Amino acid sequence: MKDINIRIATNKDAALIADLSRDTFCNAFAPFNTKEDMDKFMAEVFTREKLMAELDLPDNIFLLAYAGENVAGYVRMRDRNKPEVSPGTDNVIEIARIYTVTAEIAKGIGTALMQECISISKQKQRDYLWLGVWENNDKAIRFYERFGFKRFGEHEFLLGNDRQTDWLMMLKL
């Protein structure tokens, strides 16, 4: 197994993160959605330009994971971003995206990224770490549950023209 190294991304990583975001999202969800819905989402919501601009937004934290010399995954966290359903406090931090490159899945990248997210959340003295996950993504739901995340609500996610349901899950820190 290769060493896993995680670092905070900078604006210089914007193109890398945008391309990584688009690739990992397509790999994860294209098999379960229509080409039309995926194409619309990628062209309107998940454009390279919009993704690159996220690095300049306040309270965003991006992490890049490397397996050896190769980029293996990433995370986008949003500090103090409140979910639609309140967990009872505003002192929260969100994992907006956490993805592993397909070739690196099941090699510890996701675990290392999640551990770093939890560490950052505790350093910032947040009460809860929360995220949204597609209700049909059983593998991801089980992954989050292994870390102690519990479902506390749901919200709508529009992928192209398809209205999907995401579960909201949180971890008390």
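Read on for an overview of the structure. (Residues numbered from 1 in each chain as written. Predicted model: local features only at pLDDT ≥ 70, side-chain atom pairs only at ≥ 80, totals over all residues. Heavy atoms only, no water.)

### What to know about the sheet that holds strand S3 (residues 70-79)
Strands belonging to one sheet form pairs held by backbone hydrogen bonds; the direction of such a pair is parallel or antiparallel.
Here is step 1: Spatial ordering of the open sheet is given by S1-S2-S3-S4-S5-S7-S6, a layout of seven strands whose pairing is mixed. At either end of the open sheet lies a strand with only one pairing partner, and these are strand S1 (4-8) and strand S6 (150-159). Pairs of neighbouring strands in the sheet enclose a mean axial angle of 25°, with direction left out of account.
Here is step 2: Note: S1 against strand S2 (residues 60-67), five bridges, orientation antiparallel. Bridge pairing links Asn5 to Tyr66 in S2.
Here is step 3: Set on the sheet, helix H1 (residues 14-29) makes contact with S2, S3, strand S4 (92-100), strand S5 (128-134) and S6; between it and S3 the angle comes to about 95°. (Pairing = 2+ DSSP bridges. Helix = DSSP H or I, 4+ residues; strand = E, 2+ residues; numbered from the N terminus. Axes fitted to C-alpha atoms, helices over the stretch in contact; angles between N-to-C directions. Contact = heavy atoms within 4.5 Å.)

### A look at the pairing of strand S7 (residues 162-172)
Here is step 1: Here S5 runs beside S7; their pairing, made up of seven bridges, is antiparallel. Bridge pairing in S7 links Trp130 to Met170.
Here is step 2: Pairing of S6 with S7, which is carried by nine bridges, proceeds in the antiparallel orientation. By the bridge assignment, Arg151 is partnered in S7 with Met169.
Here is step 3: Between S6 and S7, which pair antiparallel and follow one another directly, the connecting turn spans two residues, one of which, Gly160, has a positive phi of 65°.

### Quick look at the environment of Gly160
Here is step 1: Looking at the secondary structure, you find Gly160 in the loop between S6 and S7.
Here is step 2: A C-alpha to C-alpha distance of 22 Å links Gly160 and Asp138, two positions 22 residues apart in sequence.
Here is step 3: Apart from the residues within four sequence positions on either side, Gly160 is in contact with Asp37, Lys40 and Phe41.

So far we have only geometry, and geometry alone does not tell us how the molecule works.
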